[in-house]
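# Understanding the architecture of this molecule
What follows is each chain in one-letter form.
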Amino acid sequence: MKKDGIRTLLLIILLVLAVVLGQIIGTSCAGIKNVSWLGATAKFGLSPVELDLSVVKFTLGMLVSINVAQAILLLAAILAYIKIKVKE
């Protein structure tokens with residue numbers, strides 16, 4: 001049981017690091033001529049929709065923005081997670 005918890009925590013840490021580092025790399029490479037493609041961004045999702053019932057107000061929506069550097073690092077993080085063996 002402890003081994004599964006450690007592997008789950010490892011996956012979460014790897015994915016968060018990949019997203020953060022990918023954003024930093026993509027943003028900083030956006031102005032450089034030969035590597036500007038790392039900053040190319042795709043956005044998709046649902047725009048916020050609001051339901052106002054006078055007493056309760058609901059707002060639902062989700063927008064995901066991902067750049068090439070993040071996608072590459074997410075793939076690398078998943079491959080690293082598969083290769084890492086956790087011993088108890």
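Above this text sits the structure in question.
Structural notes, computed from the coordinates. Treat the numbers as computed from the prediction; the structure is a model and nothing was measured. (Residues numbered from 1 in each chain as written. Predicted model: local features only at pLDDT ≥ 70, side-chain atom pairs only at ≥ 80, totals over all residues. Heavy atoms only, no water.)

## What about the side chain of Asn67?
Note that Asn67 resides in strand β2 (residues 57–67). Contacts of Asn67, omitting those with residues within four sequence positions, involve Gly22, Gln23, Gly26, Leu38, Gly39, Ala40 and Thr41. (Helix = DSSP H or I, 4+ residues; strand = E, 2+ residues; numbered from the N terminus. Contact = heavy atoms within 4.5 Å.)

## Topic: helix α2 (residues 68–83)
Taking 1.5 Å of rise per residue, the 16 residues of α2 would be expected to cover 22 Å, and the 23 Å separating its terminal C-alpha atoms lies within 8% of that figure. The complete set of buried residues in α2 reads Ala69, Gln70, Ala77 and Tyr81. Down the axis of α2, the buried side of the element spans an arc of 100°, and every buried residue falls inside it. Exposed positions of α2 whose direction lies more than 90 degrees from the buried face are Leu75, Leu79, Ile82 and Lys83. Residues of α2 that are buried sit in contact with α1 (2–29) and β2. (Expected span 1.5 Å × (residues − 1). Buried < 20%, exposed > 50% of the residue type's maximum accessible area, 1.4 Å probe, protein only. Arc of directions from axis to C-beta.)

## A closer look at unusual backbone geometry
Its identity as a non-glycine residue notwithstanding, Ser54 has a phi of 75°, on the positive side. In this structure, Ser54 sits in the loop between β1 (41–52) and β2.

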